[in-house]
Amino acid sequence: MSSRRKLPPLTPQLAEILAGKEATAMKSLGLLDLDTMLRQAPRRYVTPAPLEHLRNVHVGMEVSAEVWVVSVKERQMRSRRGTILEARVTDGTDELPLTFFLNNPGQVAWHRRTLEPGKRLLVWGTVGWDKRGETIQITHPQYEEFEDTDAGRIRAHRPRPVYPLRKNIALSTVRSAMKKALNHVEELEQPVPRELLDRRGIDRLPEAMRLLHQPLTWQDVNRGKRHLVYEEAFVLQTIFAQRRVADARTPAPALRVEGPLQPAFDQRLPFELTEGQQYVGQEIIERLERDHPTSVLLQGDVGSGKTVIALRAMLRAVDSGHQAALLAPTEVLAEQHHRTITELLGDLARAGQLDGHADATRVRLLTGSQRTAERRRTLLDVTSGEAGIVIGTHALLTESVEFASLGLVVIDEQHRFGVDHRRQLRAKGPNGASPHMVVMTATPIPRTAALATVGDLDVVTLRDRPGMRAGVESFVVHEDLPKWEQRMWQRAGEEVAAGRQVFVVCARIDEADVEGGSDGSAGAGSDGSAGGEGEPELPLAALPRHLDPGTAAEAEEPPPLPARGVTETARRLASRPELAGARIAVLHGRLSGEEKQEVMARVVAGEVDVLVATTVIEVGVDVPNASVMIVLDAERFGVSQLHQLRGRVGRGAHPGIAFLDTRAVPGSPTSRRLEQIAQAVDGFALAELDLQHRGAGDLVGDQQSGLGRTLRYLDVLRDVDAIEQARKDARAVVEVDPDLLTHPDLVAAIERRLQDADPDDVERS
């Protein structure tokens, strides 16, 4: 049986246009239909080098010259089979040989026909010596015949597209296929109404595709790209506009009752709500009073107090006779939320108990690793409505979980969940109604990025912090500087001696794990619930160097050393003199749910001095006594992960210190990125930094490189105007024709986008 991969077929339309190696190339590249193929923008463009007179050229120059052919001769190679073909050309100032080493007789014949004496050519390439080092020449230059006119020169110096390629696919093959496809450009789907394009001064699709693939000038390239940018923004914004219309048609419980739970909770809060918390809380409450589903993105920096806002909203749902669910991505975070909420509510969470408040409700926890008896009791309370607040992981999404009257869903760490999860929870509303939805993120999203990636959510932003938190300072520690590393562990020991606690985070569980394996790398593993050790995020060391804003003079990046693991690190720390006598524990995704719960209970109780963990503690863990965060191999973590991790300390009265320990060379691009993170004062500054470094990939799903599938042409920093225009235009179209009955090409483009991008990608933030 052949081991060759069977390529998918082209659509009949494209199969008629292409044949042979061009068809094979398109199959290999996954460009299976005319629309996808022509919307494959070139990766870049190349133009001939600057024009020079031949009398001025010298070895090493990248040049182009307008010449005519003087003579052509050929001879057989001496040391191997093949032909050396030499064409002498002149521009009137000097002569220069063009030399080709050819193995194929057909290539010789082709060059002979093209390089006829007297033909005018534009030639470009690198000037070098001949084999004997006596004469300069250009070996294997590129050349093209041109007319000796202004129009001919413009064409000869045009930008030439360079497409993404795979092994055994020649650029000339892809260019030839694109040229044939352009003959059928009028047959493309045109999702953007022509009147909108005309109003915005954007070329219509057929002309835009010609400009993109066969430009004469860089202005042509920009015009072609502008169409694709606007088209992508328009299709996405139409998806969001339709979802808003669907929400407006769907009934939802109107959560309008004030009290008794929420006022009683406010009275017993041990702190004053900040102005920001009060304002944002009122914004959300106003939306919850509507009789159609609310979709709100609550974004705030790490430690800004989002949980209290969400809890007040959940209590309003209970006061209004409904239930609220809080969905967390990991069991550790779900258990943390359950512990925090029950402590904050006190007797308000103990309905049916002797010490419960008269108006109390029940707060239940549901996770995948619960024992059967406990799970059965929880499900009974959820189904009967006795549990007003239910906190859980993906276990909440299963069919066996039936709510009596679900009025509000709060999703923590929105980037860990996709649209399918939201739909599953929305389907659990009472009597065909849909619950309101509040999704929270501690990785702030700049406004234009939010418009492009979560445009169907109303974004409310919490910028201030509760005043009782001491905050955290961050420092980069290079292991190439041993005194710095030694001082880091000394500082950790000093905090332990003062009665405080230390977190040490590793990128792997065991160092014996295969690098990049599913259970060892940063952001991987399984903790028995959604999200594993954390959503995979592109590590700093893997960010493209050309995106780095640093100077040209930079240290070389050495090959990365194997990452440290939790198990081995815990053993090493037990023998460090700076931590002598410290009580050390480990936490990672391979522990059972009960084991993780027991470890976290000991940490919260102050029975653990140093917790060595994976990114399972990345979000939600709230230990006010923890004052030091040490992230080993910090270059293996992403920007938002590092920010989340350092947000685990400095949450109480004691100032926090975060050490980003790295084996990157001081002064290298990775080192500089870590310094920028350490210096950034909040998550909003980091969000802008993250976008600048790697694009919006991190904002829209599993593709973390900034070149993810969801945003192919849009740049959320560059294309602010296009996103705003598309948003207005899409809303206007959907208001007139909500089901897009008069826009079949737009419907097809939406279906294609949702299928190609994966619905989860479109809505993750």
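As the structure is a prediction and not an experimental result, all values here were calculated from the model. (Residues numbered from 1 in each chain as written. Predicted model: local features only at pLDDT ≥ 70, side-chain atom pairs only at ≥ 80, totals over all residues. Heavy atoms only, no water.)

(A) The arrangement of the overall build of the protein in detail. Helix and strand content of the protein: 25 helices and 21 strands. The burial tally for the protein puts 56% of its 765 residues in the buried class. Counting only contacts in the protein whose residues sit at least 6 apart along the sequence, the fraction spanning at least 24 positions is 75%. Only carbon and sulfur atoms are counted for the fraction: they give 50% of the accessible area of the protein, which is about 33500 Å². (Helix = DSSP H or I, 4+ residues; strand = E, 2+ residues; numbered from the N terminus. Buried < 20%, exposed > 50% of the residue type's maximum accessible area, 1.4 Å probe, protein only. Contact = heavy atoms within 4.5 Å. Areas by Shrake-Rupley, 256 points an atom, 1.4 Å probe, with all protein chains shown as cover.)

(B) Inspection of a positive patch on the surface at higher detail. A cluster of like positive charges, contributed by Lys-73, Arg-75, Arg-78 and Lys-131, occupies part of the molecular surface. Checked against the element boundaries, Lys-73 lands in strand β2 (residues 62-76). (Patch = residues over 30% accessible without salt bridge, like charges linked within 9 Å, V, L, I, M, F, W, Y side chains within 5 Å. Salt bridge = Lys/Arg side-chain N within 4 Å of Asp/Glu carboxyl O. Lys, Arg positive; Asp, Glu negative; His and termini not counted. Charge placed at Lys NZ, Arg CZ, Asp CG, Glu CD.)

(C) Just the sheet that holds strand β20 (residues 626-631), in detail. Ordered by their spatial adjacency, six strands build an open sheet running β16-β21-β20-β17-β19-β18, and the pairing between neighbours is parallel. Each of the sheet's edge strands pairs with one partner strand only, and the pair in question is β16 (472-478) and β18 (584-587). On average, each strand axis in the sheet is inclined to that of its neighbour by 20°, with strand direction left out of account. Relative to β20, strand β17 (residues 501-505) runs parallel, the two being bridged by five bridges. Its bridge partner lying in β20, Val-504 is registered against Ile-630. Lying on the sheet, helix α19 (residues 593-604) is in contact with β17, β18 and β19 (610-613); it crosses β18 at an angle near 140°. Against the sheet, helix α20 (residues 639-646) contacts β16, β17, β20 and β21 (656-662), and its axis sits at roughly 155° relative to β20. (Pairing = 2+ DSSP bridges. Axes fitted to C-alpha atoms, helices over the stretch in contact; angles between N-to-C directions.)

(D) Examining the environment of Arg-316 more closely. Positionally, Arg-316 belongs in helix α12 (residues 306-319). Note on Arg-316: relative accessible area 2%, which makes it buried. Between the alpha carbons of Arg-316 and Arg-256 there is a distance of 7.7 Å; along the sequence they are 60 residues apart. With residues near it in sequence (within four places) discarded, Arg-316 still touches Leu-255, Arg-256, Val-257, Glu-258, Gln-262, Ile-285 and Glu-289. In this structure the side chain of Arg-316 is engaged in a polar contact, spanning 3.4 Å, whose partner is the backbone oxygen of Arg-256. (Polar contact = N/O pair within 3.5 Å; in protein donor to acceptor, adjacent residues only side chain to side chain.)

(E) Quick peek at unusual backbone geometry. The omega angle of the peptide bond from Gly-259 to Pro-260 is 10°, so this bond is cis rather than trans. Checked against the element boundaries, Pro-260 lands in the loop between α9 (218-249) and α10 (261-268). Its identity is not glycine, yet His-140 carries a phi of approximately 50°, on the positive side. Tracing the backbone shows His-140 in the loop between β6 (136-139) and β7 (142-145).

(F) Region of interest: the pattern of salt bridges. Summed over all chains, the structure comprises 47 salt bridges. A salt bridge links Arg-112 to Glu-74; the nearest nitrogen and oxygen atoms lie 2.9 Å apart. With a gap of 38 residues between them, Arg-112 in helix α4 (residues 105-114) and Glu-74 in strand β2 connect regions that are remote in the sequence. With a shortest N-O distance of 2.7 Å, Glu-144 and Arg-158 are connected by a salt bridge. With a gap of 14 residues between them, Glu-144 in strand β7 and Arg-158 in the loop between α5 (150-156) and β8 (160-162) connect regions that are remote in the sequence. On the basis of relative accessibility, which here comes to 14%, the residue Arg-158 falls in the buried class. Put simply, Asp-33, Asp-35, Arg-39, Glu-189, Glu-231 and Arg-752 are held in one network by salt bridges that share partners.

(G) A look at the environment of Val-639. Inspection of the secondary structure assignment puts Val-639 in helix α20. For Val-639, a relative accessible area of 3% translates into the label buried. With 38 residues separating them in the primary sequence, Val-639 and Ile-677 have C-alpha atoms 7.1 Å apart.

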